[in-house]
Amino acid sequence: ILRVRVLDHGGEIIVGANVLHQVGSGWEAILSHGTTNEEGEVLFESVPTGSGSLVVSAKGHAATRLSDVGTTPGEEESRTVLLEDPKKVSGKVIDATTNMPVDKVSVQVHYPNLSMLGPREAVETDRDGRFELDLDEPGDYLVQVQRISGAPGQQQNVQLRVDVPDQREFEVDLELPVASISGLVRGPDGRPLGGARI
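Residues numbered from 1 in each chain as written. Predicted model: local features only at pLDDT ≥ 70, side-chain atom pairs only at ≥ 80, totals over all residues. Heavy atoms only, no water.

1. Considering the overall build of the chain
Stated precisely, the cut-off is as follows: Secondary structure elements are defined from DSSP: runs of H or I of at least 4 residues count as helices, runs of E of at least 2 residues count as strands, and each element is numbered from the N terminus. For each residue, the accessible area found with a 1.4 Å probe, counting protein chains only, is set against the maximum for its type, and the residue is called buried under 20%, exposed over 50%, and partly exposed in between. What makes two residues a contact is simply this: any of their non-hydrogen atoms within 4.5 Å. Where accessible areas are quoted, they stem from the Shrake-Rupley method and a 1.4 Å probe; at the residue level, only the protein chains shown are allowed to cover.
Counting its regular elements, the chain contains zero helices and 14 strands. Starting at the N terminus and walking to the C terminus, you meet the elements of the chain as β-β-β-β-β-β-β-β-β-β-β-β-β-β. Counting over 198 residues, the chain shows a buried share of 34%. Considering only contacts in the chain between residues 6 or more positions apart, those separated by 24 or more positions represent 55%. For the chain, the exposed surface amounts to about 12200 Å²; the carbon and sulfur share of it is 47%.

Now the structure itself:
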């Protein structure tokens, strides 16, 4: 039996936190999932014995992971998990060719090492190419940058690993699709017109 209690950094209980207990890895992993009740607790009445891990997440808080959560046969183990506020990092997306900021770019965080956590809500760069992200516990994150341009469905993804809390500011070079057009400018008389600004 495993009892997990979830509190915020001020010691207040968190209702509705998602708690995942995992023993093993890959195809052989045994998962138990629960949500904290009004007392901020979730009770797993039948988990595998031995060493496992906990992943705890709640809206408005940084997710965290606890390793070496051991259980023994016929015993009840208890763990208290404290969730902190999300870590904030900021960044800037620039065009790798022109070195100019790129606005209206979607930036989203994914968790390659915590597949049970879905990606955070995407944010959009402002006119200066800047954005701010909320990240969870220190570790590796996959930041997906996407620019919709040209015909519908054309997109480009840039993947970047961010190490928190050491890195608070980073820059993303976005290789935008290069397209060229050609044409001929004519004057009112129909003759080719040189020196026109395009």
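Moving on from the coordinates now.
2. Topic: the sheet that holds strand β4 (residues 41-44)
What counts here: At least two DSSP bridges between two strands are needed for those strands to be called paired. Fitted lines through C-alpha atoms give the axes, limited to the stretch in contact for helices. The angle between two N-to-C directions lies from 0 to 180 degrees.
Judged by pairing direction, the sheet is mixed, and its three strands sit side by side in the order β4-β1-β7 without closing on themselves. In this open sheet, the two strands that pair with only one neighbour each are β4 and β7 (77-83). The average angle at which neighbouring strand axes cross in this sheet is 20°, direction not considered. When strand β1 (residues 2-8) meets β4, the two strands line up antiparallel, connected through four bridges. From the neighbouring strand, R5 faces β4, where its bridge partner is E41.

3. Considering the sheet that holds strand β8 (residues 87-95)
Overall, mixed pairing links the three strands, which are arranged β11-β8-β14 in an open sheet. Each end of this open sheet is capped by a strand with a single partner; those strands are β11 (130-135) and β14 (169-174). Between one strand axis and the next, the sheet turns by 30° as a mean value, whatever way the strands run. As judged from the six bridges shared by β8 and β14, these two strands associate in the parallel manner. The residue of β14 that forms the bridge with K92 is E171.

4. Observations concerning the pattern of salt bridges
The cut-off we apply is this: For this analysis, a salt bridge means a side-chain nitrogen from Lys or Arg found within 4 Å of a carboxyl oxygen belonging to Asp or Glu.
What the rule picks out here adds up to five salt bridges. Here E41 and R3 are joined by a salt bridge, their closest N and O atoms 3.3 Å apart. Within this pair, whereas E41 is found in strand β4, its partner R3 is found in strand β1, the two being separated by 38 residues in sequence. On the basis of relative accessibility, which here comes to 27%, the residue R3 falls in the partly exposed class. The partner of E77 in a salt bridge is R79, and the shortest N-O contact between them spans 3.6 Å. Where salt bridges share partners, they join R3, E41 and E76 into one cluster.

5. A look at a negative patch on the surface
Where we set the bar: Residues qualify for a patch when their relative accessible area is over 30% and they have no salt bridge, like charges being joined within 9 Å and the nonpolar side chains of Val, Leu, Ile, Met, Phe, Trp and Tyr within 5 Å. Only four residue types enter the tally: Lys and Arg on the positive side, Asp and Glu on the negative side, with His and both chain ends excluded. By convention, the point assigned to a charge is CZ for Arg, NZ for Lys, CD for Glu and CG for Asp.
Together, D103, E124, D126 and D128 give the surface a local cluster of negative charge. Tracing the chain through its elements places D103 in the loop between β8 and β9 (106-110).

6. Brief notes about the confidence of the model for the chain
When pLDDT drops low, the exact placement of atoms in the prediction is not to be read closely. Definition in use: Across the chain, each position has a pLDDT score giving the predictor's confidence in that residue, from 0 to 100.
Overall, the prediction assigns the chain a mean pLDDT of 80, with 81% of residues at 70 or greater. Under a pLDDT of 50 for its full length, residues 150-154 has, in the predicted model, three contacts with residues more than four places off or in other chains.

7. Here we look at the nonpolar core
This is how it is decided: As used in this record, nonpolar core signifies buried Ala, Val, Leu, Ile, Met, Phe, Trp, Tyr and Cys residues forming a set joined through side-chain atoms within 4.5 Å.
Ranked by internal contacts, the top residues of the largest apolar core, which has 16 residues, are V93, V105, V107, L133 and V145. The set of elements that each furnish at least two residues to this core consists of β8, β9, β11, β12 (139-146) and β14. Here L133 is in contact with K87, K88, V89, V107, V109, V123, V143 and F170, once residues within four sequence places are set aside. In this structure, A17, V56, A58 and L83 belong to the second largest nonpolar core, which totals 15 residues.

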